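Listed below are the residues making up each chain.
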Amino acid sequence: MNTQIIAHRGASYLANHENTMEAFQLALDVHANTIELDIRQTFDKILIVFHNEHINGFPVSALTYHQIQEMTNTSGYQVPTLEEVLLLARQKIHLLIEFKEAGYEKKAITLINSFLSYEEYSVQSFLDIVVRRIKKIDTSVNTGLLVGIQDADLSTRFNEYFPIRRLHACHADFISPHYYLATPEFILRMKHAGIPVLVWTVDSPKIITHYLTLDIAGIITNRPDVGIFLKSRQEREAAATAHTREKTFHLLKKFIPISGKQKH
């Protein structure tokens, strides 16, 4: 499997602000395989790219897009609309779009489909109902369930570590666990069930390398430049090993001829 390096909220480690056009352009510049982003809906029904539920103490859903722009402009950045990001990414890079809330699934999928083909994006959410609704709206959309919520109780954590029932119930195509859930045993169970795994959020070079060796579907990281470097190094080492084995095989054939028939 070709593990995808997924830029978490863009190349957020390199950018001044995450989930911005700057962060997304930097992800393109470092040749990330995918950009991950969060979407919410404003009071005036505009889909924006923003992670937090509140801005300056006010719920995003209670503010107009203009009000949000005024608030964030004072902090030196602009909140992009989903449409702006779709325009930037179209025919350039895959998008992994996280729905932070329920209620605007049909509107968002309609907008996304007007810009991107099904091969150019996937969606995911912590909310099972969102994944289920999206699959009902359009069965062709590649959907994933996020797991690993903070401060979960024992029952919730158990269902996250053993998620097959939930995945089937909401018709998810892949799972995105926090890396503390993504043990080798968890990954093996998902592989046996045919469920791709996208691990979040991994910034340590040592842990990125670890997951590259486990051959998972994707690694979500704030440092896609590091991820791409480590992935390229692993591919070079694998190619060198394969080349050495091939040379050794051909050398052995010269000294140990292999006959197709044996005389008795």
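Scroll up a little and you will see the structure.
Since this is a predicted model, take the numbers as computed values, not measurements.

What counts and what doesn't
- Residues numbered from 1 in each chain as written.
- Predicted model: local features only at pLDDT ≥ 70, side-chain atom pairs only at ≥ 80, totals over all residues.
- Heavy atoms only, no water.
- 1 Å grid on protein atoms, 1.4 Å probe; cavity = no way out; pocket = protein on both sides within 12 Å on 5 of 7 lines; lining within 4 Å.
- Points joined across faces, edges and corners; volume = space filled by probe spheres on them.
- Helix = DSSP H or I, 4+ residues; strand = E, 2+ residues; numbered from the N terminus.
- Core = buried A, V, L, I, M, F, W, Y, C linked by side-chain atoms within 4.5 Å.
- Buried < 20%, exposed > 50% of the residue type's maximum accessible area, 1.4 Å probe, protein only.
- Contact = heavy atoms within 4.5 Å.
- Axes fitted to C-alpha atoms, helices over the stretch in contact; angles between N-to-C directions.
- Parallel < 35°, antiparallel > 145°, perpendicular 65-115°, else oblique.
- Left-handed = near helix turned anticlockwise from the far one by under 90°.
- Nonpolar A, V, L, I, M, F, W, Y, C, P; charged D, E, K, R; others polar.

1. Concerning the layout of surface pockets
Next, step 1: Reported here for the largest pocket is a volume of approximately 270 Å³.
Next, step 2: Lining the largest pocket are 16 residues; nearest its centre among them are Arg9, His51, Lys100, Phe126 and Trp200.
Next, step 3: Empty space within the second largest pocket amounts to approximately 160 Å³.
Next, step 4: What lines the second largest pocket is a set of 12 residues, among which Gln4, His94, Ser122, Leu198 and Ala217 lie closest to the centre.
Next, step 5: Sorting the residues of the lining of the second largest pocket by element identifies β1 (4–8) and β6 (94–99) as the ones contributing at least two each.

2. Things to note about the nonpolar core
A general trend in soluble globular proteins is that nonpolar side chains are found buried together.
Next, step 1: If you look at the biggest cluster of nonpolar residues, it comprises 31 residues, and the most contacted ones within it are Leu37, Ile39, Leu95 and Phe99.
Next, step 2: At the level of secondary structure, the elements contributing two or more residues to this core comprise α1 (21–29), β2 (34–41), β3 (47–49), α3 (82–89), β6, α4 (105–115), β7 (121–125) and α5 (128–137).
Next, step 3: A total of 5 residues in this core trace back to one element, the largest contributor, which is α3.
Next, step 4: If we ignore the near neighbours within four places in the chain, the residues touching Leu37 are Asn19, Phe24, Val49, Leu82, Val85, Leu95, Leu96, Ile97 and Glu98.
Next, step 5: Membership of the second largest hydrophobic core comes to 26 residues, among which are Phe186, Met190, Val199 and Ile216.

3. Focus on the environment of Glu53
Next, step 1: Positionally, Glu53 belongs in the loop between β3 and β4 (54–55).
Next, step 2: Once the C-alpha coordinates of Glu53 and Arg40 are considered, the two residues, 13 residues apart in sequence, prove to be 8.3 Å apart.
Next, step 3: The residues touching Glu53, leaving out its near neighbours within four places in the chain, are Arg40, Phe58, Pro59 and Val60.

4. Some thoughts on the packing of α3 against α4
Next, step 1: The contact between α3 and α4 brings their axes to 10 Å, and the two run at 25 degrees. One finds that α3 runs roughly parallel with respect to α4. In the crossing of α3 with α4, the sense of the turn from one axis to the other is right-handed. Every residue of α4 that contacts α3 at Leu82, Glu83, Leu86 and Leu87 is listed here: Leu111, Ile112 and Phe115.
Next, step 2: Of the residues assigned to the contact of α3 with α4, the class counts are 6 nonpolar, no polar and 1 charged.

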